Amino acid sequence: MVKLAEPGGLASYRIDQFEQGDQGLAQAVRVDETLYEGSSLAQNPLELPAATPITPVFPLFLDLPLITGDELPHAPYIAATAEPWPGPVAVYSSRYDADYTLNTLVKSPAVLGVTLAPLAAATPGILDHGAPLVVELTRGSLSGVTSEALLAGANLAAIGDGSQDNWEIFQFQSADLVAPGRYELSGRLRGQLGSDALMPAQWPAGSYFVLLDGTPEQIELAASGRNTLQYFQIGPAARPYSDYSYRKLSAAFAGNGLRPYAPVHLAQKWDGADLEFSWIRRARLDGASWDLAEIPLSETQERYQVKIFSGAQLLRLEEVHQAQWRYSAAMQALDGAQGLLELQVAQLSESFGPGLRRKFRFTI
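This section reports on the structure supplied with the text.

Conventions and cut-offs
Residues numbered from 1 in each chain as written. Predicted model: local features only at pLDDT ≥ 70, side-chain atom pairs only at ≥ 80, totals over all residues. Heavy atoms only, no water. Helix = DSSP H or I, 4+ residues; strand = E, 2+ residues; numbered from the N terminus. Rg over C-alpha atoms; globule rule 2.2 N^0.38 Å. Buried < 20%, exposed > 50% of the residue type's maximum accessible area, 1.4 Å probe, protein only. Areas by Shrake-Rupley, 256 points an atom, 1.4 Å probe, with all protein chains shown as cover. Lys, Arg positive; Asp, Glu negative; His and termini not counted. Charge placed at Lys NZ, Arg CZ, Asp CG, Glu CD. Pairing = 2+ DSSP bridges. Axes fitted to C-alpha atoms, helices over the stretch in contact; angles between N-to-C directions. Phe/Tyr/Trp six-rings, centres within 6.5 Å; stacked < 30°, edge-to-face > 60°. Salt bridge = Lys/Arg side-chain N within 4 Å of Asp/Glu carboxyl O. Contact = heavy atoms within 4.5 Å.

### Remarks on the overall build of the chain
Here is step 1 of the chain: Of the regular secondary structure elements, the chain holds two helices and 27 strands.
Here is step 2 of the chain: Whereas a compact globule of 364 residues would reach a radius of gyration of roughly 21 Å, the chain reaches 34 Å, over 25% beyond that.
Here is step 3 of the chain: Principal axes of the C-alpha set define a box for the chain whose edges measure 135 × 45 × 40 Å.
Here is step 4 of the chain: Burial statistics for the chain: of 364 residues in total, 41% are counted as buried.
Here is step 5 of the chain: Surface accessibility of the chain: about 19,600 Å² in total, with carbon and sulfur atoms responsible for 52%.
Here is step 6 of the chain: A gap of 7 Å separates the mean positions of the 26 positive and 40 negative side-chain charges of the chain.

Structure representation (structure tokens):
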């Protein structure tokens with residue numbers, strides 16, 4: 001802007017173009033200075049909505065036993081979380097790494113976290129009053145329940161190493177908030193739904209925790225897809241699965257809703273030089289009734305696989321059709337069985353094969 005003297009006084013010009021040569025040549029437009037004065041009207045500042053970044057989703061597959069009995073026994077669950085949550089999460093699947101199709105929409109994030117302290121093994125069927133299990137959640141919250149609610153199945157959760165098969169199911173009565181997102185869980189019922197045979201001597205710190213509150217849902221899986229490698233693309237449903245925010249996974253699922261529970265109450269007695277073993281079977285379906293003389297047989301016939309080990313060496317493999325087995329003196333001599341031995345018993349299923357094993361150590 002420049003001001004030039006004119007007969008009527010000073011005038012304002014805006015120079016739009018200037019050429020420098022032997023002489024200067026300017027192109028200018030006369031303007032009114034009041035055009036550049038601020039308005040006296042109040043103006044609200046421009047507000048833009050905060051941008052929400054798209055971050056990759058963290059998914060976990062859980063191939064679990066039957067919880068209510070109404071589930072597809074061969075289909076695994078998926079639990080997913082992200083911070084921030086991107087909205088519905090799409091699970092695309094394929095039997096080979098191409099031509100993915102939409103399998104499942106995960107509408108809500110799971111209450112998922114990691115443990116900050118180890119959890120030692122405990123006796124199933126009674127309340128575990130050991131040291132509290134410290135869990136840090138990525139999002140969500142936990143709360144305690146009454147004893148009646150606990151015994152009715154409330155606060156069911158899974159703890160595992162992140163692989164699809166290795167999950168112990170447990171319940172907790174108390175959940176004490178000790179820091180933002182951090183809880184201490186006590187009053188636990190361990191090894192629920194037949195997972196006692198998967199309970200290690202200790203779950204280390206850094207194990208995964210998933211609340212089974214109905215948010216983790218089963219994915220679509222045909223019965224013929226059991227034990228077959230499946231490929232997945234998992235990410236925000238608002239974006240295509242070719243987007244950077246998607247995670248590619250592959251897994252094969254055994255269909256652990258079909259897996260027989262491990263027998264319990266293994267016992268031995270000597271009959272001369274023969275050893276007699278006995279046990280009690282369990283049912284993965286309708287086994288909680290107190291009115292039945294005997295629990296239902298969830299399989300087409302009663303069969304068990306019996307193994308005898310000496311250390312890591314397999315000495316004998318037998319199949320029996322009743323909850324007992326005689327290890328005769330002749331068998332022992334033929335196997336060279338002596339010292340500390342281990343008996344392993346698993347119920348057999350025509351659709352699954354051997355279930356979880358119960359182990360029993362004895363000496364000859």
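### Some thoughts on the sheet that holds strand β7 (residues 101-106)
Here is step 1 of the chain: Across the sheet, which stays open at both edges, the four strands sit in the order β7-β6-β18-β19 with antiparallel pairing between neighbours. Since the sheet does not close on itself, it has two edges, and those belong to β7 and β19 (247-251), each with one partner. The average angle at which neighbouring strand axes cross in this sheet is 25°, direction not considered.
Here is step 2 of the chain: Of the strand pairs in this sheet, strand β6 (residues 89-94) and β7 are connected by five bridges, and their pairing is antiparallel. By the bridge assignment, Ala 90 is partnered in β7 with Leu 105.

### Comments concerning the packing of aromatic side chains
The geometry of an aromatic ring pair is captured by the separation of the ring centres together with the interplanar angle, meaning the angle of the planes.
Here is step 1 of the chain: Applying the stated criterion across every chain yields a total of 15 aromatic pairs.
Here is step 2 of the chain: Within the aromatic cluster, the residues linked to one another by ring pairs are Phe 277, Trp 325, Tyr 327, Phe 360 and Phe 362.

### What about the sheet that holds strand β3 (residues 25-30)?
Strand pairing within a sheet occurs via backbone hydrogen bonds; the two strands may be parallel or antiparallel.
Here is step 1 of the chain: Ordered in space as β1-β2-β3, the three strands form an open sheet in which the pairing is antiparallel. Two strands close off the open sheet at either side, each with one partner strand: β1 (2-6) and β3. Here the average twist between neighbouring strands, direction ignored, is 50°.
Here is step 2 of the chain: In this structure, β1 lies alongside strand β2 (residues 9-19), joined through five bridges in antiparallel fashion. What sits directly across from Val 2, in β2, is Tyr 13.

### Some points on the pattern of salt bridges
Here is step 1 of the chain: For the structure on display, the rule yields 22 salt bridges.
Here is step 2 of the chain: For Arg 30, the salt bridge is made with Glu 6, and the minimal N-O distance between the two is 3.0 Å. Of this pair, Arg 30 sits in strand β3 while Glu 6 sits in strand β1; the two residues are 24 residues apart in sequence, bridging distant segments of the chain.
Here is step 3 of the chain: Looking at Arg 30, the relative accessible area reads 53%, which means it is exposed.
Here is step 4 of the chain: A salt bridge links Arg 190 to Glu 168, with the shortest nitrogen-to-oxygen separation between them at 2.7 Å. Of this pair, Arg 190 sits in strand β14 (residues 182-192) while Glu 168 is found in strand β13 (residues 167-179), placing the two residues 22 residues apart along the sequence. Judged on exposure class, the residue Arg 190 and its partner Glu 168 are both buried.
Here is step 5 of the chain: Residues participating in the shared-partner salt-bridge network are Lys 269, Asp 271, Asp 274, Glu 276 and Arg 326.

### A look at the environment of Gln 202
Here is step 1 of the chain: For Gln 202, the location among the structural elements is in strand β15 (residues 202-203).
Here is step 2 of the chain: Judged by its relative accessible area of 44%, Gln 202 falls in the partly exposed class.
Here is step 3 of the chain: Sequence separation between Gln 202 and Ala 121 is 81 residues, and the spatial gap between their C-alpha atoms is 5.6 Å.
Here is step 4 of the chain: Non-local contacts of Gln 202, meaning those with residues more than four positions away in its chain, are made with Pro 118, Leu 119 and Ala 120.

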